[in-house]
Amino acid sequence: MITKIFSLDKDNIDQNILNIAANIINEGNLVAFPTETVYGLGADGLNEAACQKIFAAKGRPSDNPLILHISNQDMLYNLVDSINDDAKKLIKTCWPGPLTLIMKKKSVVPDAVTAGLDTVAIRMPSDKIALNFITKANTPIAAPSANTSGKPSPTRAKDVFQDLNGKIPMILDGGSCKIGIESTVVDCSEKNPVILRPGYYTYEYLKEIIPSITLDDALVNDGKIPKSPGQKYKHYSPNAKMKVYIGDNASKKILDQAMKYKNQNYKVGILTFDDSIAYFDDFKTISFGNRDNLSYMSHVLFTALREMDSVGVDIILAEGVNDIDLGKSIMNRMKKSASNNIFYL
Ligand code: TXA
Ligand code: MG
């Protein structure tokens, strides 16, 4: 299969290109598209066979359910049984935007979407191309991140192409994703809402809207099994081995380690902040920007991991951040990328 990339301008979306994309969806095939978080790999969310193609293209385990993306609230009422007051509050404050809600599903939602669960994940993205694409296809679009399972999520069309070239007919290129990490997933199917995956909307922020909201045990205690099926898999992994250091002495430790690996003839890549980058003149470096700007760090994190792989480093030594606010969402990704090789100094 030939994979075609079509560029779209968010402020002046070419309707002919969108029509082609919508037709591909309505015929039961796949289209990758930009959202404000990461690129998604879309299929008609009400078409079981189309959704199964997503699992094949990504190499995704079949017990890992998909998110349905909608462009208006009427679509929501067709998909879920009931919407409790907490879910209504979250919808009012955070949609359209990087928040996914889990609710009890209606029978119209295929098993391939929910991996057989009685709940379904739904999100209304804020990206203009995503919203217009869903409206044009006139169906909820099932979409996981558009990467090969296990790899860092794609934040640029070229990342999608790298993973899925030859496996899907079309990629809509809307430039680089604003946020760069995936949506916050909140389970609203039971009495008190639970955050299953931290994202751009942080625990601290959501607690102001719903004081009873909690974090899934697995996000607080590493030994617990996550409630969200997707959270238990190997994830966001670069080809290179990765280690993450946190604390005042992180730069010094990273430099020690980098020299050690270099002496053993390993090619080393360093991920650090603007104020420390000068230490690492002898190495391939990418900056996470200013250490106070966590939004920028989340924006570049996955791109940086993919860039390190593209220059072929053997080992990535990265500086991490504290586990609070957006730092919690960033560290959730970094811990998985580094297979839990995290060192507090
Ligand atoms: O920002 C995002 O959420 C991106 C863009 C494309 O929208 N999508 C995304 O999808 O990250 P994916 O498939 O990579 O992650 C979806 C997560 C997985 O951890 C999955 O297990 C969880 O949501 N999930 C989906 N349905 C669920 C359900 N019914 N119950 C619990 N977890 C669910
Ligand atoms: Mg994913």
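Residues numbered from 1 in each chain as written. Chains lettered and ligands numbered in written order. Predicted model: local features only at pLDDT ≥ 70, side-chain atom pairs only at ≥ 80, totals over all residues. Heavy atoms only, no water.

- Going by what an unreviewed UniProt entry lists, the protein is known as Threonylcarbamoyl-AMP synthase and is assigned to Anaerococcus cruorum.
- Here the protein is described in UniProt, under the heading Sequence similarities (unreviewed entry), as follows: "Belongs to the SUA5 family."
- Listed under Catalytic activity (unreviewed entry) in UniProt, the entry text for the protein is "L-threonine + hydrogencarbonate + ATP = L-threonylcarbamoyladenylate + diphosphate + H2O". (UniProt positions renumbered as here; feature names shortened; annotations may be inferred.)

1. As for helix α4 (residues 85–94)
And step 1. Of all the residues in α4, the buried ones are Asp86, Ala87, Leu90, Ile91 and Cys94. Across the axial projection of α4, the buried residues extend over an arc of 135°, all falling on one side. Facing away from the buried side of α4 by more than 90 degrees, the exposed set consists of Asp85 and Lys92. (Buried < 20%, exposed > 50% of the residue type's maximum accessible area, 1.4 Å probe, protein only. Helix = DSSP H or I, 4+ residues; strand = E, 2+ residues; numbered from the N terminus. Arc of directions from axis to C-beta.)

2. Thoughts on the sheet that holds strand β8 (residues 170–173)
And step 1. With respect to topology, 11 strands assemble into an open sheet ordered β1-β8-β2-β3-β7-β4-β6-β5-β9-β10-β11, the strand pairing being mixed. Of all the strands in the sheet, just β1 (4–7) and β11 (214–215) have a single pairing partner and so form its edges.
And step 2. Sheet analysis places strand β4 (residues 67–69) next to strand β6 (residues 119–123), joined by three bridges and oriented parallel. Residue pairing across strands places Leu68 opposite Ile122, the latter belonging to β6. (Pairing = 2+ DSSP bridges.)

3. A word on the pattern of salt bridges
Charged atoms that come close allow side chains of opposite charge to pair.
And step 1. Here the structure, examined in full by the defined rule, presents 14 salt bridges.
And step 2. In this structure, the salt-bridge partner of Asp11 is Lys128, at a minimum N-O distance of 3.7 Å. Of the two residues, Asp11 sits in the loop between β1 and α1 (15–26) while Lys128 sits in helix α6 (residues 128–137), which places them 117 residues apart along the sequence.
And step 3. Judged by its relative accessible area of 67%, Asp11 is exposed.
And step 4. For Arg156, the salt bridge is made with Glu307, and the minimal N-O distance between the two is 3.0 Å. (Salt bridge = Lys/Arg side-chain N within 4 Å of Asp/Glu carboxyl O.)

4. Thoughts on the packing of aromatic side chains
And step 1. Tallied over the entire structure, the rule returns eight aromatic pairs.
And step 2. Between Tyr200 and Tyr201, the aromatic rings sit 5.8 Å apart at their centres with planes inclined by 65°, giving edge-to-face as the arrangement.
And step 3. On the basis of relative accessible area, Tyr200 is assigned to the partly exposed category, the value being 37%.
And step 4. Classification of Tyr201 as buried rests on a relative accessible area of 13%.
And step 5. For the ring pair Tyr279 and Phe280, a centre distance of 6.0 Å and an interplane angle of 80° mean the geometry is edge-to-face.
And step 6. Look at Tyr279 and you get exposed, because its relative accessible area is 52%. (Phe/Tyr/Trp six-rings, centres within 6.5 Å; stacked < 30°, edge-to-face > 60°.)

5. Looking at the site of ligand 1
And step 1. In the vicinity of ligand 1, 26 residues are found, and the nearest of them are Thr37, Asn64, His69, Ser183 and Gly230.
And step 2. The side chain of Arg60 places a nitrogen or oxygen atom 2.8 Å from an oxygen atom of ligand 1.
And step 3. Between ligand 1 and Ser145 there is a distance of 3.1 Å, counted from an oxygen atom to a side-chain nitrogen or oxygen.
And step 4. Contact with the protein chains covers 97% of the free accessible surface of ligand 1, which is 680 Å².
And step 5. For the shell around ligand 1, the secondary-structure elements that each account for two or more residues are β4, β6 and β10 (194–197).
And step 6. Broken down by element, the residue count for the shell around ligand 1 peaks at three residues, all from β6.
And step 7. The residue inventory of the shell around ligand 1, partitioned by class, reads 12 nonpolar, 10 polar and four charged. (Near = heavy atom within 4 Å. Polar contact = N/O pair within 3.5 Å; in protein donor to acceptor, adjacent residues only side chain to side chain. Areas by Shrake-Rupley, 256 points an atom, 1.4 Å probe, with all protein chains shown as cover. Nonpolar A, V, L, I, M, F, W, Y, C, P; charged D, E, K, R; others polar.)

6. Considering the nonpolar core
And step 1. Counting residues in hydrophobic clusters, the biggest one holds 70 residues, and the most contacted among them are Leu101, Leu172 and Leu206.
And step 2. With residues up to four places along the chain from it excluded, the contact list for Leu172 reads Phe6, Leu8, Ile17, Leu18, Ala21, Val31, Ala32, Phe33, Pro34, Tyr39 and Phe133.
And step 3. One finds Met242, Val300, Ala304 and Ile342 within the second-largest nonpolar core, a separate group that totals 28 residues. (Core = buried A, V, L, I, M, F, W, Y, C linked by side-chain atoms within 4.5 Å. Contact = heavy atoms within 4.5 Å.)

7. Here we look at the pairing of strand β13 (residues 268–272)
And step 1. Extensive coverage of β13 is indicated by the burial of five of its five residues.
And step 2. Neither face of β13 is left uncovered, since the one carrying Val268, Ile270 and Thr272 and the one carrying Gly269 and Leu271 both have all their residues buried.
And step 3. In terms of strand pairing, β13 meets strand β15 (residues 315–319) through four bridges, oriented parallel. The partner of Leu271 across the bridge, within β15, is Ala318.
And step 4. Here β13 pairs with strand β14 (residues 284–287) via four bridges, running parallel. From the neighbouring strand, Gly269 faces β14, where its bridge partner is Lys284.

8. Comments concerning the sheet that holds β15
And step 1. Taken in spatial order, the five strands make up an open sheet running β14-β13-β15-β12-β16, and their pairing is parallel. Each edge of the open sheet is held by one strand with a lone partner, namely β14 and β16 (342–344). Strand after strand, the sheet turns through a mean of 20° between neighbouring axes, direction not considered.
And step 2. Together, β12 (241–246), β13 and β15 form the strand contacts of helix α10 (residues 250–263), whose direction differs from that of β15 by roughly 170°. (Axes fitted to C-alpha atoms, helices over the stretch in contact; angles between N-to-C directions.)

9. What about the environment of Glu182?
And step 1. Looking at where Glu182 falls in the secondary structure, it is placed in the loop between β8 and β9 (184–187).
And step 2. As for Glu182 and Leu99, which are separated by 83 residues in sequence, their C-alpha atoms are 8.9 Å apart.
And step 3. Of the polar contacts made by the side chain of Glu182, one reaches the side chain of Ser153; its length is 2.5 Å.
And step 4. Engagement of the side chain of Glu182 in a polar contact is seen with the side chain of Arg333, the distance being 2.9 Å.

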